[in-house]
Amino acid sequence: MATDTSEQRGRTFFGQPPVLANLFGVELWERFSFYGMQGILLIYLYYSAAEGGLGIDEGTATSIVGAYGGLVYLSTIAGGWLADRLLGAERTLFYSAVVVMCGHIGLALIPGMAGVAVGLVLIGFGSGGVKATATSLVGTLYAADDERRDAGFSLFYLGINLGALAGPLLTGLLQKNVGFHYGFGLAAVGMAVGLVQYSFGRRRLSDAAREVPDPIPAAGLRRVAFGVAAAVVIVVVVLATGLLPAARYATAVVVLSLIAAVSYFVVILRSRRVTPAERRRVLAFIPLFVASAAFWSLYQQQFTVVTIYSDQRLDRTVFGWEMPVSFVQSINPIMIIVLSGLFAALWTKLGSRQPSTPVKFSLGLAVMGVAFLLFLPMAGGGPNSAPLIGLAGVLLVFTIAELLLSPVGLSLATKLAPEAFRTQMVALFFLSIALGTAMSGVLAKFYSADHETAYFGVIGAVALALAAMLALAVGPIRKLMSGVH
C-alpha cells in the first residue's frame, strides 16, 4: 500500500493515517442518529398513547427492536455486495447515508406503525450499507503487517461512541420535554450533518476506495434486480397480511441470519478465487463467528432488557431530578470514550506481544458473562429499587468486554478476508452481530422482574461456558489463521 502523502509530511490523525479523520466524522454522525433514535424507540413502542407512545405489548415491542437491530447488521451483506460488485465502497457509503436520513425523516413525520415500518426499514438497510463500507475503507488504510491497525480501529470506534453518547442524551431530552417525534427529527438532522461533512471530505479517500473489485455483468445485474423485486413483494405481502406476527419478527431474523451465514461461508470456501491459505483463514473465522454471535446476543440486550430494566427497575432520580430512560444508553459510550484510548495505547505498546485475536474473543465473551452475573445482587427488589451506580458498574463491565472483542473483530475481518471477498468478509462479521442482535430480542421475551435471578444467572453461566470452550480451541484456530495474529 502506498503511503499517504500527508502522512509522509508528518501530518497524522492521532498517529494514524490522516484520512481516518474523514471516516471518523461520518461514522460519528451516523451513530448519533442511530443511537439517538434507538434510545427512545422501545419505549415509544410500548408506552401508552397518553404518554405519546403506541401502546404495543412489551414482548412484541422487544421483538420489533431485536428484528430491526438484526436487520441493520443483516443488510451489511447487501451493502458489501453493492460495494464489491456494483458501486464501490465509497459510493455505497454515501448513498446508504442518504437512505438512513430518509428513514429518520419517515419516523419523525409519519404517525403510528406506518412511520415505524417505513422508518425502520430505511434506517435498517441504509445503516447496513454504512457499516459494511466504512469499516472496509478503514481497513484499506493499513498494510497487512501494520501494527497500528488494531489501534486505528479502536480510534475509529471512539468516533462511533462520541455519536452514541450525544444521540440518546439529546433525543431523550426532546422526547421527554416535547415528544417522541421531535427526538426522531433530531436524529434526521444529525445524519444530515454527517452527510455534509462527508461530502466536503470524500475526495481525500484513495482511488482504491472507489474501485469495484468484482463488477457484475449486465445480465447478472438484471437477474439480481428481478430477485430483489420478488423478495420485496414477498416481504410486503407477508407483513401486510399478518402471516408473520410482530411478536415473531426477531425469530424470523435469526433464521434469515443463520441461512445467510451458512450460505456465505459455503460460497467463500468453494470459490476458485480463494487460495488455500485464504481458505484456512476463513475456516478459522467460523468458531470466532459463533463466539461473536453469542457475545452480541448478550451485549445488545442494552436495547431490550436493559431498557426495560432502566424504565421499571432502576432508580433514575439524581438530586431530585428524574433523568429520561434514554440517558442510560449514554453510560456505555462515556466509558468507551474513556477506555478506548487506553486499550488502543495498550495494543500499540504491546505490539507483537499482545494476546492473539482468539484469546481476546474468549476474554470478551467471558467478561460479558460476568456482567450478567453482576445483575444478581440487585435482583428481587421492587420497582425503581436498583441503584443507578449498580447498573453503571454492570455497564462498565459491558464496556470492557466490548473493547476486548468488537474493534478487534472488525480488524480481524479485514485481516482474514480473501482478496476477492474483502468487503463481503466484513459483512460476514456484521452478520454475526445480526444473529446476536436478533437473538437479544428473542431472549428478552423470557425476562421478567419475577424471574430475574434465573434469567441473569443462566445466561451468564452459558456465556462463561462458551468462553472456556473457545479458550481450549485457541491453538487449532491460530494454526488455521496461517500467520495472522
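First things first, this report covers the structure right here in the doc. Position numbers for residues count from 1 along each chain, tracking the sequence in the order it is written. Local features in this predicted model are restricted to residues of pLDDT 70 or higher, and side-chain atom pairs are both shown and tallied only at a pLDDT of 80 or more, whereas totals for entire chains, interfaces and linings draw on every residue. Side-chain measures were taken over the full set of non-hydrogen atoms in the model, leaving aside hydrogen atoms and water.

**Considerations on the packing of helix H11 (residues 276–299) against helix H14 (residues 357–373)**
Phase 1: Look at H11 against H14: their axes get within 10 Å of each other, and the N-to-C directions meet at 25 degrees. The angle between H11 and H14 falls in the class roughly parallel. Crossing angle aside, the handedness with which H11 passes H14 is left-handed. Facing Leu288, Ala291, Ser292, Ala294, Phe295, Leu298 and Tyr299 of H11, the residues of H14 in contact are Pro358, Phe361, Gly364, Leu365, Met368, Gly369 and Phe372. Lines fitted to the C-alpha atoms define the axes, with helices restricted to the stretch that makes contact. Angles between their N-to-C directions range from 0 to 180 degrees. Think of it this way: any DSSP run of H or I at least four residues long counts as a helix, any run of E at least two long counts as a strand, and we number them from the N terminus. Our angle categories are set so that under 35 degrees counts as roughly parallel, over 145 as roughly antiparallel, 65 to 115 as roughly perpendicular, and the remainder as oblique. Crossing chirality is assigned from the near helix's rotation relative to the far helix, an anticlockwise turn below a right angle marking it left-handed and a clockwise turn marking it right-handed. Note on contacts: a residue pair qualifies if any of its non-hydrogen atoms lie within 4.5 Å across the two residues.

**A look at the pattern of salt bridges**
It is possible for side chains of opposite charge to pair when their charged atoms get near one another.
Phase 1: Here, a salt bridge means any side-chain nitrogen of Lys or Arg that lies within 4 Å of a carboxyl oxygen of Asp or Glu. Counted under the stated rule, the structure contains 3 salt bridges.
Phase 2: With its nearest N and O atoms 2.6 Å apart, the salt bridge here joins Arg31 to Glu30.
Phase 3: Owing to a relative accessible area of 0%, Arg31 belongs among the buried residues under this scheme.
Phase 4: Among the residues examined, Glu30 registers a relative accessible area of 0% and is labelled buried.
Phase 5: In this structure, Glu452 and Arg313 form a salt bridge, with 2.6 Å as the shortest nitrogen-oxygen distance. Categorising residues by exposure relies on relative accessible area from a 1.4 Å probe, with only protein chains included: less than 20% of the type maximum marks a residue as buried, more than 50% marks it as exposed, and the intermediate range marks it as partly exposed.

**Quick notes on H11**
Phase 1: With 24 residues, H11 ought to run about 34 Å at 1.5 Å a step, and its terminal C-alpha atoms sit 35 Å apart, in line with that.
Phase 2: Largest kink in H11: about 30 degrees, centred on Pro287. Here a helix's expected span is defined as the number of its residues, less one, multiplied by 1.5 Å. Bend, in this description, refers to the angle at a residue between axes fitted to the seven residues ending there and the seven starting there.

**Section: helix H13 (residues 331–350)**
Phase 1: If you check H13, its first and last C-alpha atoms are 28 Å apart, about what 20 residues at 1.5 Å a residue would give, namely 28 Å.
Phase 2: Considering bend angle alone, the principal kink of H13 is centred on Leu339 and spans about 35 degrees.
Phase 3: All buried positions along H13 are accounted for by Ile331, Asn332, Pro333, Met335, Ile336, Leu339, Ser340, Phe343, Ala344 and Trp347.
Phase 4: Elements that come into contact with the buried residues of H13 comprise helix H7 (149–177), H11, H14 and helix H15 (388–416).

**Observations concerning the packing of helix H2 (residues 20–46) against helix H8 (residues 180–201)**
Phase 1: Running from N to C, H2 and H8 point in directions that differ by 170 degrees, and their axes come no closer than 8 Å. Regarding the angle of H2 to H8, the classification is roughly antiparallel.
Phase 2: Broken down by class, the residue content of the contact of H2 with H8 amounts to 15 nonpolar, 9 polar and 1 charged. Each residue gets one label: Ala, Val, Leu, Ile, Met, Phe, Trp, Tyr, Cys and Pro are nonpolar, Asp, Glu, Lys and Arg are charged, and the others, such as Gly, are polar.

**What to know about unusual backbone geometry**
Among all residues save glycine, negative phi is the norm, and among peptide bonds the norm is trans.
Phase 1: Of note in the backbone geometry, Phe319 takes a positive phi value of approximately 50 degrees without being a glycine.
Phase 2: Within the secondary structure, Phe319 sits in the loop between strand S1 (317–318) and strand S2 (321–322).
Phase 3: Given the relative accessible area of 85%, Phe319 is considered exposed.
Phase 4: A positive phi angle, near 55 degrees, is found at Asn384, a position not held by glycine.
Phase 5: Mapped onto the elements, Asn384 comes out in the loop between H14 and H15.
Phase 6: Here Asn384 falls in the partly exposed class, since its relative accessible area comes to 38%.

**Quick look at the environment of Ser33**
Phase 1: Relative to the elements of secondary structure, Ser33 occurs in helix H2.
Phase 2: Take Ser33: its relative accessible area is 0%, and that puts it in the buried class.
Phase 3: Put simply, Ser33 and Ala434 are 401 residues apart on the chain and 19 Å apart in space, counted from C-alpha to C-alpha.

**Observations regarding a nonpolar patch on the surface**
Phase 1: In this analysis, a patch consists of residues with relative accessible area above 30% that form no salt bridge, clustered at 9 Å for like charges and at 5 Å for the nonpolar side chains Val, Leu, Ile, Met, Phe, Trp and Tyr. Throughout, the Shrake-Rupley method with a 1.4 Å probe supplies accessible areas, and for residues the shown protein chains are the sole cover considered. On the surface, a cluster of nonpolar side chains totalling about 390 Å² of accessible area is made up of Ile105, Leu109, Ile110, Val118 and Leu122.
Phase 2: Those elements that provide at least two residues to the nonpolar patch are helix H5 (89–109) and helix H6 (112–139).
Phase 3: For Ile105, the position within the fold is in helix H5.
Phase 4: On the basis of relative accessibility, which here comes to 36%, the residue Ile105 falls in the partly exposed class.

**Regarding the packing of aromatic side chains**
Phase 1: Think of it this way: a Phe, Tyr or Trp ring, Trp meaning its six-membered ring, pairs with another when their centres are within 6.5 Å, and the plane angle makes it stacked under 30 degrees, edge-to-face over 60, tilted otherwise. Under the definition given, this model contains 28 aromatic pairs.
Phase 2: Taking the ring centre of Phe34 as reference, the NZ or CZ of Arg31 above it sits at 3.9 Å.
Phase 3: For a ring to carry a charge above it, either NZ of a lysine or CZ of an arginine must fall within 6 Å of the ring centroid while also lying within 35 degrees of the normal to the ring plane. Its guanidinium or amino end placed over the ring of Phe34, Lys131 lies 6.0 Å from that ring's centre, counting from NZ or CZ.

**Quick look at the nonpolar core**
Burial of nonpolar side chains together is a common tendency in soluble globular proteins.
Phase 1: Definition of nonpolar core: a set of buried residues of the types Ala, Val, Leu, Ile, Met, Phe, Trp, Tyr and Cys, connected through side-chain atoms within 4.5 Å. Judged by nonpolar contacts, the single largest core of 148 residues is most densely connected at Met37, Phe285, Met368, Phe375, Phe398, Leu428 and Leu431.
Phase 2: Apart from the residues lying within four places of it in its own chain, the contact partners of Phe398 are Leu298, Tyr299, Gln302, Met368, Ala371, Phe372 and Phe375.

**Considerations on the environment of Arg279**
Phase 1: Note that Arg279 resides in helix H11.
Phase 2: Among the residues examined, Arg279 registers a relative accessible area of 25% and is labelled partly exposed.
Phase 3: Along the sequence, Arg279 and Ser482 sit 203 residues apart, while their C-alpha atoms lie 10.0 Å from each other.
Phase 4: Filtering out sequence-adjacent residues up to four positions away, Arg279 remains in contact with Leu269, Ser271 and Val274.
Phase 5: Pairs of N or O atoms are called polar contacts if they sit within 3.5 Å, as long as, within protein, a hydrogen donor faces a hydrogen acceptor (for residues adjacent in sequence, only side-chain-to-side-chain pairs). Only 2.9 Å separates the side chain of Arg279 from the backbone oxygen of Ser271, close enough to count as a polar contact.

**Considerations on the side chain of Thr76**
Phase 1: Inspection of the secondary structure puts Thr76 in helix H4 (residues 76–86).
Phase 2: Given the relative accessible area of 0%, Thr76 is considered buried.
Phase 3: Beyond its immediate chain neighbours, meaning those up to four positions away, Thr76 contacts Gly128, Lys131, Ala132, Ala427, Phe430 and Leu431.

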